[in-house]
Amino acid sequence: MVIGENELDIKNCRGQSYDNASNMSGVYSGLQARIKGACPYAIFVPCAAHSLNLSDTRWAARHEACSSLSQNWTELLKALNSFVENPIENSKTKCESTGLIKKMNRLEMCILVSFWNDILERFNSTSKKLQTIEIDLTIVINLYTSLINYVTDLRNTFSHYEKLAMEKSEIKEYKVVRKKKRKIPYDESCQGDTSFEARESFKINTYFVIIDSLLSELRKRKSCYDDINTMFGFFSNMIDLPVIEVRKKATKLQSQYPEDLDGSFINECIHFHGYLKSLPGIVSPKSILELCKIIEDHNIADVYPYVDIALRMYLCCPVSILQLNGHLVF
């Protein structure tokens, strides 16, 4: 085994990261579970670079295709019509072109293209950031939260995409949906029911379903990072916390790692909290790495040895296997 060959002690492992494949991340028989069986302190963190891929296709490829379709809508329709009208074109190409034209000549299709173009652009940009080597768990959680907020806000923008699609496609009506017959009182008219029901059906059964599905997947993936951040995350905003809260969170973290953090760790955290506040012009550090840099630049690791250990442990919890080339962290 590689670990044995390099004379590494698995008991010193404090972080492990893999993609979401069940043989790696499975909670019962996956590799992460086997590692935790040998060392309960080896926290598993799903690879953020892979976690945001909600399908087998990279976001970049999907965004490029959707963007091209959205930006060249009219030109693509003209190209497809030219295939259909070309007398020397083969029947298979004509049939496929006719089918695509039929799909594109629907208001619903144009709405979805504009809608997905915006979503994929944001997901693609976020995914690229999650693949950088400088990223840490705090930034990962913030990025996931921002995507959740972004997708949530899209629930109120259906009219925007509807207007955009009508202008682009020059189609004003939805596809008629089959509706159940109902008795109509003598003083009512059924005129206008079809258009309203088609719009609301698409909005509720397609548009909202997509948003709810995305939110569900994003929240599920974010929860994996929230668990570990609950233990270590207070370092990120320590300077803004009251002393009683610093003591509470430090006590909880020390209880999770009694072999790594001495009882004096709690007192150290309170002292370090005061040290940060004493620095002239100090602002709340944006990352754990910045806190580590303060300790190193000020040469105070001997004053706060267990704070230094806790920060390095947190940094040893990888957020991406791209950072580690697939290796464990010790």
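Parameters at a glance
- Residues numbered from 1 in each chain as written.
- Predicted model: local features only at pLDDT ≥ 70, side-chain atom pairs only at ≥ 80, totals over all residues.
- Heavy atoms only, no water.
- Axes fitted to C-alpha atoms, helices over the stretch in contact; angles between N-to-C directions.
- Helix = DSSP H or I, 4+ residues; strand = E, 2+ residues; numbered from the N terminus.
- Parallel < 35°, antiparallel > 145°, perpendicular 65-115°, else oblique.
- Contact = heavy atoms within 4.5 Å.
- Nonpolar A, V, L, I, M, F, W, Y, C, P; charged D, E, K, R; others polar.
- Expected span 1.5 Å × (residues − 1).
- Core = buried A, V, L, I, M, F, W, Y, C linked by side-chain atoms within 4.5 Å.
- Buried < 20%, exposed > 50% of the residue type's maximum accessible area, 1.4 Å probe, protein only.
- Phe/Tyr/Trp six-rings, centres within 6.5 Å; stacked < 30°, edge-to-face > 60°.

## Quick notes on the packing of helix α13 (residues 265-278) against helix α14 (residues 288-297)
(1) Moving on: Across the interface, α13 lies against α14 with an axial gap of 13 Å and an inter-helix angle of 85 degrees. Taken together, the axis directions place α13 and α14 in an arrangement best described as roughly perpendicular. Here Phe272, Tyr275 and Leu276 of α13 lie close against α14, whose contacting residues are Leu291, Ile294 and Ile295.
(2) Moving on: Split by residue class, the contact of α13 with α14 holds 6 nonpolar, no polar and no charged.

## Some details on α13
(1) Moving on: For α13, built from 14 residues, the straight-helix expectation of 20 Å at 1.5 Å per residue is met to within 8% by its first-to-last C-alpha distance of 20 Å.
(2) Moving on: Buried residues belonging to α13 abut α12 (243-256), α14 and α15 (305-315).

## Some thoughts on the nonpolar core
(1) Moving on: The biggest cluster of nonpolar side chains holds 86 residues, and the ones touching the most others in it are Phe235 and Leu253.
(2) Moving on: Discounting chain neighbours no more than four positions away, the residues touching leucine 253 are Met231, Phe232, Phe234, Phe235, Leu261, Phe265 and Ala310.

## Observations regarding the packing of α13 against α15
In a pair of packed helices, the angle between the axes and the distance between the axes together describe the arrangement.
(1) Moving on: One can describe the packing of α13 onto α15 by two numbers: an axis separation of 8 Å at closest approach and a directional angle of 90 degrees. If you check the angle between α13 and α15, you find them roughly perpendicular. Contact residues: α13 offers Phe265, Glu268, Cys269 and Phe272, while α15 offers Pro305, Tyr306, Val307 and Ala310.
(2) Moving on: Partitioned by chemical class, the residues of the contact of α13 with α15 number 7 nonpolar, no polar and 1 charged.

## Brief notes about the packing of aromatic side chains
Aromatic ring pairs are defined here through the distance separating the ring centres and the angle between the ring planes.
(1) Moving on: Applying the stated criterion across every chain yields a total of 14 aromatic pairs.
(2) Moving on: Ring geometry for phenylalanine 115 against tyrosine 207: centres 4.7 Å apart, planes inclined by 45 degrees, an arrangement best described as tilted. Of this pair, phenylalanine 115 sits in helix α8 (residues 107-130) while tyrosine 207 sits in helix α11 (residues 193-232); the two residues are 92 residues apart in sequence, bridging distant segments of the chain. Considered together, phenylalanine 115 and tyrosine 207 belong to a single accessibility category, that of buried residues.
(3) Moving on: When the centroid spacing of 5.0 Å and the interplanar angle of 15 degrees are considered together, the rings of phenylalanine 232 and tyrosine 314 count as stacked.

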